[in-house]
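If you want the building blocks of each chain, they are given just below.
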Amino acid sequence: MRSEKVSLQPEIAAALERVREAGKANMRDVPTVLALLMDDEALDAADWVSAHPEEYAQGIAKGFVIDYD
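Criteria and thresholds
- Residues numbered from 1 in each chain as written.
- Predicted model: local features only at pLDDT ≥ 70, side-chain atom pairs only at ≥ 80, totals over all residues.
- Heavy atoms only, no water.
- Helix = DSSP H or I, 4+ residues; strand = E, 2+ residues; numbered from the N terminus.
- Rg over C-alpha atoms; globule rule 2.2 N^0.38 Å.
- Salt bridge = Lys/Arg side-chain N within 4 Å of Asp/Glu carboxyl O.
- Buried < 20%, exposed > 50% of the residue type's maximum accessible area, 1.4 Å probe, protein only.

Participant: Please clarify how the overall build of the protein chain should be interpreted in this entry.
Facilitator: What the protein chain contains, in helices and strands, is 4 helices and 2 strands. Walking the protein chain from its N terminus toward its C terminus, one meets helices and strands in the order β-α-α-α-α-β. For the protein chain, the C-alpha radius of gyration of 11 Å lies close to 11 Å, the compact-globule estimate for 69 residues. For the protein chain, the C-alpha atoms occupy an extent of roughly 30 × 25 × 20 Å along the three principal directions.

Participant: Before we go on, may I ask you to explain the pattern of salt bridges in this structure?
Facilitator: When their charged atoms lie close together, side chains carrying opposite charge are able to pair. In this structure the tally under the stated criterion is 2 salt bridges. Between E17 and R20 there is a salt bridge, with the nearest N and O atoms lying 2.5 Å from each other. Taken together, the positions of E17 and R20, both in helix α1 (residues 10-22) and 3 residues apart, correspond to about one turn of that helix. Overall, E17 belongs to the partly exposed group, its relative accessible area being 30%.

Participant: Any chance you could explain unusual backbone geometry here in plain terms?
Facilitator: The bulk of non-glycine residues show a negative phi, and the bulk of peptide bonds are trans. Positive phi values are uncommon outside glycine, yet E41 reaches one of about 60°. Relative to the elements of secondary structure, E41 occurs in the loop between α2 (30-39) and α3 (43-51).

Below, the structure written as C-alpha cells:
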C-alpha cells in the first residue's frame, strides 16, 4: 500500500465526509458505508468505493485530498 494520501473528486469527498460526520458507521466497515452512501443518494461515491477498494482503504488509513482538476 502506498504511503501518500488518496486524491478524490470534490463530490465524492463531500459524500464520504457526510457519512463520517453522521457517525453511524466505522469508515472501515465498507458495506455499511456503501449502504449509507446509497441512502444519501451519493451513487457516484458508492460506485467509487466499490470500484476502488484498495484506494479507499489507503485513504482511510493515510487520508484523502480533494482533486479540483
